[in-house]
Amino acid sequence: MGRPALLRIDGRAVHCEVRGEGAPALFLHGNPDTSRLWSGVVGSLQSRFRCIAPDLPGFGRSEIDLDRFDFSLDGMAAWVEAVVTACGVPEPVNLAVHDFGGVYGLAWAVKHPQRVRSIAITNTLFQADYKWHFWARIWRTAGLGELSMTTFGVPVLGRALARLSIRAGSRKLSLAQIDRMFDEFTPSTRAMVLRLYRATDPQRFAGWEEAMLEVTARVPSLVLWGDHDPYIPKRYAERFGARTVVHLADCGHWVPSEEPAVASGELLQLFGAVSQ
């Protein structure tokens, strides 16, 4: 029913979890996560859908050449298209995105609207007027960003800092979940995070945001938003043009990990409605 796949994209290995059979559903995680963010959701949906969850470039077990990767929105869209193509998916896809996975996925949806069957969005951004949160401002600052990543690399101190900062973004994640995220925040991932944040100015979404709204107006779309999110204010939930917006007052930034049963139920309803 499922297997991990090792794809080759632009000469680099991409780890991808592929589970189940049926209409395709693509799950894109953010920072500092891997495809494991979606494991609880995929576990619930794989009986009805072919669930595809890659590790983004430079995260988890996916490789990246920082000097060659195209960090533009066009480049991110091209990477997602390469994943979908490598997985042999010819038909439209149900898309679920979170955090920076939303930047990748929504850019892809703008470039390939005919490839999108439905869209589920949780705690991400695609708006030109967004102002970066505290950690993003640090990571975008030369010198200060490198210092912060060096601190995260000190085992005891880094783990304590990760627990403190991630717990601020979610009251519901367990210490085991946070520690797993920290363990996957490797030196190569930390280098990727600096490049990713420094390459992504919100002003780049100008024009793309309007095109994204055309896509969400055309296909069934859902926003599932954790309101206790210190990184992206809850007012942005209403900015994606989704037909349905669900606010979870007790959840923070990581809804798929915090409430996998709730997220699974909402996605099952959305994906199932368009796959019948």
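Residues numbered from 1 in each chain as written. Predicted model: local features only at pLDDT ≥ 70, side-chain atom pairs only at ≥ 80, totals over all residues. Heavy atoms only, no water.

**Q** Which parts of the structure should I look at to understand the nonpolar core?
**A** As a rule of thumb, soluble globular proteins bury nonpolar side chains together. Counting 96 residues, the largest nonpolar core has Phe27, Tyr104 and Leu267 as its most contacted members. It is helix 3 (residues 100-111) that contributes the most residues to this core, eight residues altogether. Once residues within four sequence positions are removed from consideration, Tyr104 is found in contact with Leu28, Leu56, Pro57, Phe69, Met76, Ala77, Trp79, Val80, Met192 and Leu196. (Core = buried A, V, L, I, M, F, W, Y, C linked by side-chain atoms within 4.5 Å. Buried < 20%, exposed > 50% of the residue type's maximum accessible area, 1.4 Å probe, protein only. Helix = DSSP H or I, 4+ residues; strand = E, 2+ residues; numbered from the N terminus. Contact = heavy atoms within 4.5 Å.)

**Q** Can you walk me through the pairing of strand 6 (residues 116-122) in this structure?
**A** Two faces make up the sheet, and in a regular strand the side chains alternate between them. Within strand 6, six of the seven residues are buried, which leaves it mostly tucked inside the rest of the structure. As paired elements, strand 5 (residues 93-98) and strand 6 share six bridges and run parallel to each other. Bridge pairing in strand 6 places Val97 opposite Ile121. Considered for its hand, the β-α-β crossover made up of strand 5, helix 3 and strand 6 is right-handed. (Pairing = 2+ DSSP bridges. Right-handed = clockwise from strand over helix to strand, strands pointing away.)

**Q** When you look at the pattern of salt bridges in this model, what are you seeing that I'm missing?
**A** Within the structure shown, the criterion is met by 15 salt bridges. Note that Glu17 is salt-bridged to Arg19, the shortest N-O span being 2.6 Å. Assessed through its relative accessible area of 17%, Glu17 is described here as buried. Since its relative accessible area comes to 24%, Arg19 is described here as partly exposed. Its salt-bridge partner being Glu209, residue Arg239 comes within 3.3 Å of it at the nearest N-O pair. Of this pair, Arg239 sits in the loop between strand 7 (221-226) and strand 8 (244-248) while Glu209 sits in helix 9 (residues 208-218); the two residues are 30 residues apart in sequence, bridging distant segments of the chain. The partly exposed category is assigned to Arg239, whose relative accessible area is 28%. Three or more residues are tied together by salt bridges with common partners; here these are Arg159, Arg163, Asp179 and Asp183. (Salt bridge = Lys/Arg side-chain N within 4 Å of Asp/Glu carboxyl O.)

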